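# Architecture at a glance
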Amino acid sequence: MKGAISLRFRLLLAMFGPLAALALVLGLLGWVLISDVVRRTNDRVLGGALGAIAETVQVERGEVTLDLPPAAFGMLENSERDNVYYRIAVGRTLLTGYADLPAPDISVLSVDEPRFRFAQFHGQRIRIAEIRRNLPRIDEPVVVQVAETLQNRNSLRDKLMIALLIGECVLVGIVLLLIRPALGWSLRPLSDLRGVIEARDTRAAPDLSPLRTGPLPTELRPLSRSFDRLLARLDDATTGMRRFTADASHQMRTPLSVLKVQVALARRGSGEALHEIEEATDRLERLLTQLLTLARADEAGVLPPDHEIDLKELSQHVISRRIRQAIEADVELLLEAGDGPYRIHGHRTLVFEMLSNLVDNAIRYNRPGGMAQIELSAEAGVVRLAVVDTGPGIPAELREMAMSRFARLQGERGPPGSGLGLAIVKSTAERMGAQLELGDATPGLWVTVTFTV
Amino acid sequence: MRILIVEDDAALARGILSLLRAAGHAVDHVAGGEEALSVSATEPYSLVILDVGLPDIDGFQVLARLRARGDQSQVLMLTARDGLDDRVRGLDLGADDYLRKPFEVEELEARVRALGRRRGGDAAPEIAIGAMTVNRSTGRVEVAGRLIELRRREWAVLEALAARAGQIVNRETLQAEVFGFDDPVGSNALEVNVTRLRSKLAPDGPAIRTVRGVGYMLDPSTGSG
């Protein structure tokens, strides 16, 4: 996948970085430790040889003498054939040995305490052990020096370092080799989960029930839960959609049947049929408009409430659109409002459709000579919109049912409705967080929508 | 024949009513299930056209209760629903036929005719009585090759009598089968129709005998042929 590093690579990187740093630190530490140990052990041998030689330095008849013990040099023999040098001097005067072996500063040497130092001799680095002895009746101090080249020390140190590095490399190598199978094993629950999800994908009708994954590791549980929640919401949405389309098609079948029957009658010469056909087409048209409005109201949940709406101006607009219908039905259409302002925030088209449906209902389910009135009022924090008619009203026990989709009330209540008007009002009010209430206007219906400002 | 339409949609009911009345049937309409049960208890409907989606009790319940009290009327279910379950359920409850909205008018008419024929126990569309043949599908009546023009009520009387040729049909039964309760019926309307029918079938068609105090009978042994 482009843009994202694979999990394997991430983990590999995350583990290899620190591992390499750790190996480096271990190597450096090893170097210091090994050098120190090698230096100490060899110094001990060198010090031993020095001591053995220094022991033999004596005063004989006022002369400094010595008897170089072969064992002392034997101690220093090794496989690397290091060169061994020595120098014994009384004060600055050479007694025996290599005259050009770097002489120490006598004043810093303490008596009978061997001192070790590195020096350069004939182009090689050497290790010098030196000791100062004060002999009786000899004025000047005697300085004994034994030195060796460093081949043995270096080779020992190198061997140890190589062993250490090989050990480290093996360790890092094993870890790197193990990462792949370990990752595969750790990530198996993830691929199992993927398998379960993929299995859903292949079905003709997607199965939106919660995933049945079996026990999951803690890290994957939130993922599976989120996925299940998403599935549940999808399920709700598709179920709602399916029910809605079923209801909608169901609802269109009756007016379509009317059309078919009346067309047949018209063909057989019925004069009444044309009028019936006209009514049925009006009904279908209204049903379609309302279905679209309802779909829009359902969908509008995702839209932000972005308009400032003046309900008074909106009411006037609705009345001007409905006035012809009202005149034809012999219903007086009124607006009762103060100076305002009746400002709310919301989706303008939705509020328009809601009010339009309320007014349509008020005209439709009314009586000739009746009245339909929009009333606006404002209080602290709320704006109230009421539509009152002089029709037959809705009995209290049926009001809840009347607001559900495709609800048709029993009995003859004027022209056939689609059963969607109040459902649209309810859906819109819910979207806008407004309160919808049906009441009695004795006689007639009183619908109140309360908007929180 | 006498038909009851149970349909809550007034416009559709008006349409079906016009259709079936034009075909010579006596048709009544009610909008609710309870009302359907109460009128069918007193009127001898041959056929009930029953919508499933009714506002009070649904069509299935109406059907179940009709059958439970032994009502033998033919029932044609009308539904706006698609599901196979609904059709099976309706037929299992004792519906005789099933029609889905929106339906073709010709299909409704044909099914109503077919159900009407089945009522007499004889599903054949054509009945021959003496020199007369009555085609219940086309409404065509011929006596000795001569086409008889009948008015709608006359046809209803003939159809009712021909389905039970040779049997006495009770006067009240015939009255109820020929007229719906919305029909403006004079006290002698049935007699008038019977008399007119009688004269149209004469001289070579089968006679319609009046059995005083009981009813009428189409006599298959009369007429030439």
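Predicted, not measured: the structure shown is a model, and the values here were computed from it.

### Focus: the overall build of chain B
Tallying secondary structure elements over chain B gives eight helices and twelve strands in all. Within chain B, buried positions represent 42% of all 225 residues. By sequence separation, contacts in chain B at least 24 residues apart represent 61% of the contacts at least 6 residues apart.

### Considerations on the confidence of the model for chain B
Residues and elements named next belong to chain B. Per-residue confidence for chain B gives a mean pLDDT of 85; residues scoring 70 or more make up 96%. Here strand β6 (residues 126-129) stands out as the least confident element of chain B, with mean pLDDT 82; strand β3 (residues 47-51) is the most confident, with 93. In the predicted complex, the global pTM is 0.54; the interface-specific ipTM is 0.71.

### Description of the sheet that holds strand β6 (residues 124-133) of chain A
All names here are of chain A. The strand order across the open sheet formed by five strands is β4-β3-β7-β6-β5, and the pairing between neighbours is antiparallel. Of all the strands in the sheet, just β4 (93-97) and β5 (115-121) have a single pairing partner and so form its edges. Between one strand and the next, the sheet's axes are offset by a mean angle of 25 degrees, whatever the strand orientation. Here β5 pairs with β6 via seven bridges, running antiparallel. The residue of β6 that forms the bridge with F121 is Q124.

### Re the packing of helix α6 (residues 311-328) of chain A against helix α7 (residues 348-364) of chain A
For any two helices packed against each other, the geometry comes down to the angle between their axes and how far apart the axes lie. Residue and element names in this part refer to chain A. For the pair α6 and α7, the least separation of the axes is 10 Å and the interaxial angle reads 35 degrees. Note that α6 runs across α7; the crossing there is right-handed. Mapping the contact onto sequence places L314, S315, V318, R321, R322, Q325 and A326 in α6 and V351, F352, L355, S356, V359, D360 and I363 in α7. In terms of residue class, the contact of α6 with α7 is built from eight nonpolar, three polar and three charged.

### Points about unusual backbone geometry
The omega angle of the peptide bond from B:K101 to B:P102 is -10 degrees, so this bond is cis rather than trans. Position of B:P102 relative to the elements: it lies in the loop between β5 (97-100) and α5 (105-119). Backbone geometry at A:H122 places phi at a positive 50 degrees, although glycine is not the residue there. If you check the backbone angles, B:A144 has positive phi at about 50 degrees while not being a glycine. By the secondary structure assignment, B:A144 is in the loop between β8 (140-143) and β9 (146-148).

### Details of the interface of chain A and chain B
Tallying the contact residues gives 19 residues for chain A and 19 residues for chain B. Examining the composition of the side of chain A that touches chain B, we find that eleven residues originate from one element, helix α4 (residues 221-267) of chain A, more than from any other. Here the side of chain A that touches chain B is built from residues that sort into eight nonpolar, six polar and five charged.

### Looking at the pairing of strand β12 (residues 215-219) of chain B
Residue and element names in this part refer to chain B. Relative to β12, strand β10 (residues 168-170) is paired through three bridges, and the arrangement is antiparallel. Counted as the bridge partner of N170 is G215 from β12. Judged from the five bridges that link them, strand β11 (residues 207-211) and β12 form a sheet pairing that is antiparallel. Its bridge partner being in β12, T210 is matched across the sheet by Y216. Taken together, β11 and the strand that follows it, β12, pair antiparallel across an intervening segment of three residues, in which G213 is found at a positive phi of about 80 degrees.

### Brief notes about the pairing of strand β13 (residues 435-440) of chain A
Residues in a regular strand point their side chains to alternate faces of the sheet. Residue and element names in this part refer to chain A. The sheet contact formed by β13 and strand β14 (residues 445-452) spans six bridges and is antiparallel. Across the sheet, residue E437 finds its bridge partner in β14, namely T448. Turn length for the β13-β14 hairpin, with the two strands adjacent in sequence and antiparallel, is four residues, and the turn residue T442 shows positive phi of about 30 degrees.

### Describing helix α1 (residues 10-22) of chain B
All names here are of chain B. The terminal C-alpha atoms of α1, which comprises 13 residues, lie 18 Å apart, in line with the 18 Å expected from a rise of 1.5 Å per residue. Within α1, ten of the 13 residues are buried, which leaves the element mostly enclosed by the surrounding structure. Turning to α1, its buried residues number three or more, namely A11, L12, A13, R14, G15, I16, L17, S18, L19 and L20. Residue G24 follows α1 closely and has a positive phi angle near 95 degrees.

### So, the sheet that holds β12(B)
Residues and elements named next belong to chain B. Reading across the sheet, the three strands line up as β10-β12-β11 and stay open at both edges, with antiparallel pairing between neighbours. Strand pairing shows two members of the sheet lacking a second neighbour, β10 and β11, which therefore form its edges. In this sheet, neighbouring strand axes are inclined to one another by 30 degrees on average, regardless of whether the strands run parallel or antiparallel. Against the sheet, helix α7 (residues 171-178) touches β10 and β12, its axis set at about 70 degrees to β10.

### Some points on the packing of helix α2 (residues 33-42) of chain B against helix α3 (residues 59-68) of chain B
All names here are of chain B. One can describe the packing of α2 onto α3 by two numbers: an axis separation of 9 Å at closest approach and a directional angle of 25 degrees. Considering the angle they form, α2 stands roughly parallel to α3. Between α2 and α3 the crossing geometry is right-handed. From α2, G33, A36, L37 and S40 reach across to α3, where they touch Q61, V62, R65 and L66. Residues belonging to the contact of α2 with α3 are distributed by class as follows: four nonpolar, three polar and one charged.

Calculation criteria
- Residues numbered from 1 in each chain as written.
- Chains lettered and ligands numbered in written order.
- Predicted model: local features only at pLDDT ≥ 70, side-chain atom pairs only at ≥ 80, totals over all residues.
- Helix = DSSP H or I, 4+ residues; strand = E, 2+ residues; numbered from the N terminus.
- Buried ≥ 20, exposed ≤ 12 C-beta atoms within 10 Å, placed from the backbone.
- Contact = placed C-beta atoms within 7 Å.
- pLDDT = per-residue confidence, 0-100.
- Pairing = 2+ DSSP bridges.
- Axes fitted to C-alpha atoms, helices over the stretch in contact; angles between N-to-C directions.
- Left-handed = near helix turned anticlockwise from the far one by under 90°.
- Nonpolar A, V, L, I, M, F, W, Y, C, P; charged D, E, K, R; others polar.
- Expected span 1.5 Å × (residues − 1).
- Parallel < 35°, antiparallel > 145°, perpendicular 65-115°, else oblique.

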